[in-house]
Amino acid sequence: MGRSAQLVQSHWIDGDWRLSEAVEGIDVLDPSDESLLAIVPAGTPGDARRAAQGARGALPRWAATPLKQRIAFVERLAGRLADRADELAEVITAEVGAPVTVARQAQVGLAIAMTASFADLAAGFAFEQRVGNSLVLKEPAGVVAAITPWNVPLLLALQKVVPALLAGCTVVHKPSELTPLHAYLLAEITAECGLPPGVFNVVVGTGEGAGADLVRSPHVDLVSLTGSVRAGRQVASMAAGRVKRVHLELGGKNASVVLEDADLRPAVAATVDQMCFNSGQACLQWSRLLVPADRHDEAAELAAGLAGSYRVGDPRDPSTDLGPLISDQARERVRGYIRGGVEEGARLLAGGGGAPEGCERGFFVRPTVFSGVRDTMTIAKEEIFGPVLSIMPYRDEEEALRIADDTAYGLHGAVWSADLDRAQAFARRMRVGQVDINGGPFNVLAPFGGVKQSGIGRECGLEGLAEFCETKSLQLPLEVAEPVGPRLRAHAI
Ligand code: NAD
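In this numbering scheme, every chain counts its residues from 1 along its sequence in written order. Reporting of local features is limited, given that this is a predicted model, to residues whose pLDDT is at least 70; pairs of side-chain atoms are given and counted only at 80 or more, and all residues count toward the totals for whole chains, interfaces and linings. To obtain the side-chain values, all non-hydrogen atoms of the structure were included, while hydrogens and water were left out.

## Some points on the site of the ligand
(1) Moving on: Nearness of a residue to a molecule or strand requires only that one of the residue's heavy atoms be within 4 Å of it. With respect to spatial proximity, 32 residues lie near the ligand, and among them Thr148, Ser228, Gln234, Leu250 and Glu383 are the closest.
(2) Moving on: Under this definition, polar contacts are N or O atom pairs within 3.5 Å; protein pairs additionally need one hydrogen-donor-capable and one acceptor-capable atom, and for neighbouring residues in sequence, both atoms have to be side-chain atoms. In this structure, an oxygen atom belonging to the ligand sits 3.2 Å away from a side-chain N or O atom of Arg230.
(3) Moving on: Between the ligand and Gln234 there is a distance of 2.6 Å, counted from a nitrogen atom to a side-chain nitrogen or oxygen.
(4) Moving on: Alone, the ligand offers 840 Å² of accessible surface; in the complex the protein occludes 93% of this.
(5) Moving on: Of all the secondary structure elements, the ones that give two or more residues to the shell around the ligand are α7 (207–216), β11 (222–226) and α8 (229–240). Per-residue and other accessible areas were derived by the Shrake-Rupley procedure at a 1.4 Å probe size, with only the shown protein chains allowed to occlude residues. Secondary structure elements follow DSSP: runs of H or I no shorter than four residues count as helices, runs of E no shorter than two count as strands, and numbering proceeds from the N terminus.

## Examining the packing of helix α9 (residues 264–276) against helix α10 (residues 296–308)
(1) Moving on: Lines fitted to C-alpha atoms define the axes, with helix axes restricted to the stretch in contact, and inter-axis angles between N-to-C directions lie between 0 and 180 degrees. Relative to each other, α9 and α10 sit at 45°, their axes nearing to 9 Å. Classified by the interaxial angle, the pair formed by α9 and α10 is oblique. Viewed along their axes, α9 and α10 form a crossing whose handedness is right-handed. Where α9 approaches α10, its residues Leu264, Arg265, Val268, Ala269 and Val272 are matched on the opposing element by Glu298, Ala299, Leu302, Ala303, Leu306 and Ala307.
(2) Moving on: In the contact of α9 with α10, the residues fall into nine nonpolar, no polar and two charged. An angle counts as roughly parallel when it lies under 35 degrees, as roughly antiparallel when it exceeds 145, as roughly perpendicular when it falls between 65 and 115, and as oblique in every other case. What makes a crossing left-handed is the near helix being turned counterclockwise from the far one by less than a right angle; a clockwise turn instead makes it right-handed. Should any heavy atoms of two residues lie within 4.5 Å, those residues are considered in contact. Residues are grouped as follows: nonpolar covers Ala, Val, Leu, Ile, Met, Phe, Trp, Tyr, Cys and Pro; charged covers Asp, Glu, Lys and Arg; every other residue, Gly included, is treated as polar.

## Some details on the sheet that holds strand β7 (residues 134–140)
(1) Moving on: Strands are labelled as partners when DSSP assigns at least two bridges between them. Spatial strand order, β6-β7-β21: three strands in an open sheet with antiparallel pairing. Sheet topology places β6 (128–131) and β21 (469–475) at the edges, where each strand pairs with a single neighbour. Neighbouring strand axes in the sheet, compared pairwise and without regard to direction, differ in orientation by 25° on average.

## Concerning empty space enclosed by the protein
(1) Moving on: Only protein atoms enter the 1 Å grid used here. Points where a 1.4 Å probe fits but cannot escape make up a cavity, open sets with protein on both sides within 12 Å along at least five of seven lines make up a pocket, and a residue lines them when an atom lies within 4 Å of a point. Grid points are joined across faces, edges and corners, and a volume is the space filled by probe spheres set on the points. Enumeration according to the criterion identifies two cavities of 30 Å³ or more in this entry.
(2) Moving on: If you add up the space inside the largest cavity, you get close to 50 Å³.
(3) Moving on: Every residue lining the largest cavity is listed: Lys253, Asn254, Ala255, Arg288, Ala404, Thr407, Tyr409, Gly410, Leu411, His412, Met430 and Val432.
(4) Moving on: When its residues are assigned to classes, the lining of the largest cavity shows six nonpolar, four polar and two charged.
(5) Moving on: Space inside the second largest cavity adds up to approximately 30 Å³.
(6) Moving on: Lining the second largest cavity are Val96, Gly97, Ala98, Pro99, Asn278, Ser279, Gln281, Gly323 and Pro324.
(7) Moving on: Looking at the lining of the second largest cavity, its residues break down into four nonpolar, five polar and no charged.

## So, unusual backbone geometry
Across residues other than glycine, the phi torsion is negative in most instances, and most of the peptide bonds are trans.
(1) Moving on: Of note in the backbone geometry, Glu34 takes a positive phi value of approximately 65° without being a glycine.
(2) Moving on: Residue position: Glu34 is located in the loop between β4 (25–30) and β5 (35–41).
(3) Moving on: Phi is positive for Ser279, close to 60°, though the residue is something other than glycine.

## Details of the sheet that holds strand β19 (residues 434–437)
(1) Moving on: Spatially, seven strands are ordered β15-β16-β17-β14-β13-β18-β19 in an open sheet, and the strand pairing comes out mixed. On the outer flanks of this sheet lie β15 (347–350) and β19, each paired with one strand and no other. Sheet twist, expressed as the mean angle between neighbouring strand axes with direction ignored, is 25°.
(2) Moving on: As defined by bridge partners, β15 adjoins strand β16 (residues 368–371) across three bridges and the pair is classed as antiparallel. Pairing of Leu348 across the sheet is with Phe370, part of β16.

## Considerations on the packing of α7 against α8
(1) Moving on: Close contact between α7 and α8 brings their axes to 9 Å; oriented N to C, the two are set at 35°. Viewed along their axes, α7 and α8 form a crossing whose handedness is right-handed. In this structure, α7 uses Glu208, Ala212, Val215 and Arg216 to contact α8, whose residues at the interface are Arg230, Gln234, Val235, Met238 and Ala239.
(2) Moving on: Residue composition of the contact of α7 with α8, grouped by class: five nonpolar, one polar and three charged.

## Quick look at helix α1 (residues 45–64)
(1) Moving on: Between the first and last residue of a helix there are one fewer steps than residues, each counted as 1.5 Å, and that sum is the expected span. A rise of 1.5 Å per residue sets the reference length of α1, with its 20 residues, at 28 Å; its end C-alpha atoms lie 29 Å apart and thus fit the reference within 8%.
(2) Moving on: Taken together, the buried positions of α1 are Gly46, Asp47, Ala48, Ala51, Ala52, Gly54, Ala55, Ala58, Leu59 and Trp62. Buried residues are those whose accessible area, probed at 1.4 Å on protein chains only, stays under 20% of the maximum for their type, while exposed residues exceed 50% and partly exposed ones sit between those limits.

## Some points on the packing of aromatic side chains
(1) Moving on: Stacked, tilted and edge-to-face are the three classes assigned to paired rings of Phe, Tyr and Trp, where Trp is represented by its six-membered ring and a pair needs centres within 6.5 Å; plane angles under 30 degrees give stacked, over 60 edge-to-face, the rest tilted. For the structure on display, the rule yields seven aromatic pairs.
(2) Moving on: Pairing Trp62 with Phe73 gives two aromatic rings, centres 6.3 Å apart and planes at 90°, and the pair type is edge-to-face. Of the two residues, Trp62 is situated in helix α1 and Phe73 in helix α2 (residues 67–83); the sequence distance between them amounts to eleven residues.
(3) Moving on: Overall, Trp62 belongs to the buried group, its relative accessible area being 5%.
(4) Moving on: Classification of Phe73 as buried rests on a relative accessible area of 2%.
(5) Moving on: Note on Phe442 and Phe448: the rings are 6.0 Å apart at their centroids and 65° apart in plane angle, and the pair reads as edge-to-face.
(6) Moving on: Residue classification places Phe442 among the partly exposed residues on the basis of a relative accessible area of 32%.
(7) Moving on: Clustering of aromatic rings is evident, with ring pairs tying together Trp12, Trp17 and Tyr184.

Now the structure itself:
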């Protein structure tokens, strides 16, 4: 490629680039051609401590900064992100392997829209509320460790950082060690927007290293993690030592359920499209397509035809639909699931474990469709995190609901029906945090998050802002409180 790898030796701490103590570096690869993009420091306990101390030191002033000024900062941030959107998208294409179109729209475009939405929401958020004779305050939760994955890195970082800053918290961000480069740009941009030193810090390193150091730090009050269930369990158990608040956005094994009266073609097309988004590396991916048994074969044929038409290849080519997976390890994991699906008796209709044509270098796999998948098979149960769709027949709606809910996860789902009321009735019964009905689009204002092992808490919308607040009630004497009725008066002791 003729690019020279970048050598980074610093973290963004207290408003400046501070040399890391690390002697070890982490290689950051371009997953589309396996070339070395950068070497970044594997943050040490000392690095994490300095960052957390920086955030702790900046907390009192930032928490006392008037909301108007915090909102003004976020508005400047949204503007500056937009100014540098092309550069951010280029970095995300390089480190994630996301096709340029996906990087510009779903990765950076959505991140900017989400940032702007929080500025509007904060202006109307009830930071103070009168309830009877009490004044209920929403105060900053304190120092936040924002730990993020590599798949949609900028959006998922801003989904934590922006509401945390609006709530008056200070932040240490630890991006995934696989994709840290966008975080350096984000640090630069926050400084360009005039954020005081220490309010936002970035420490790069592994999960078990810098990530765990932050979780255990006495200076960190709240850990907000987006990642795997494995990391969620580890973080929750480490945080339990100090009874520290945790907010977990974890994996999903989401079902797209086509009810018997639905128009099959658009439902299948949207499901295949969503399954392929970001090469299947999305927590809200619909990895299972549930169809009435008598329409299974028709759905399978449609899905296989569509999956075969997607272009896999160079993410810098605007005509590419799917880029590579993030790493060699990820590709091996996905290939293992594909082999397992065949061994367990599912029918492989499209794709498979081999490299797509012309993709000898890079961590590519082909969009893969299995039909005749039974609920007991591993590909129907576990999060694959690659472009693999399992088509599953069901007999009636009760069985569809049982299959849809029969995983350890509960993040997302979809329902398709000719009757909106029927679709809504089904969606209300699903045990998940969010459901798209007949292709209803993602909404940055709506809370997002999971139940069961998909996590604890919500991001986006007013609930996403409330996650970064602590609640305090001030009980005012009844004489000065606004008139309270006899029932409330009876509660006063
Ligand atoms: P991961 O769990 O390996 O890593 C996520 C982040 O956690 C990284 O920054 C990592 O360094 C850190 N980490 C790992 N172990 C840690 C530990 N013990 N202590 C502290 N930090 C630790 O996940 P990944 O491979 O980067 O991302 C893929 C996973 O993320 C998938 O399961 C996907 O479903 C999930 N995800 C969820 C959402 C959501 O909103 N629910 C969004 C995107 C991705």
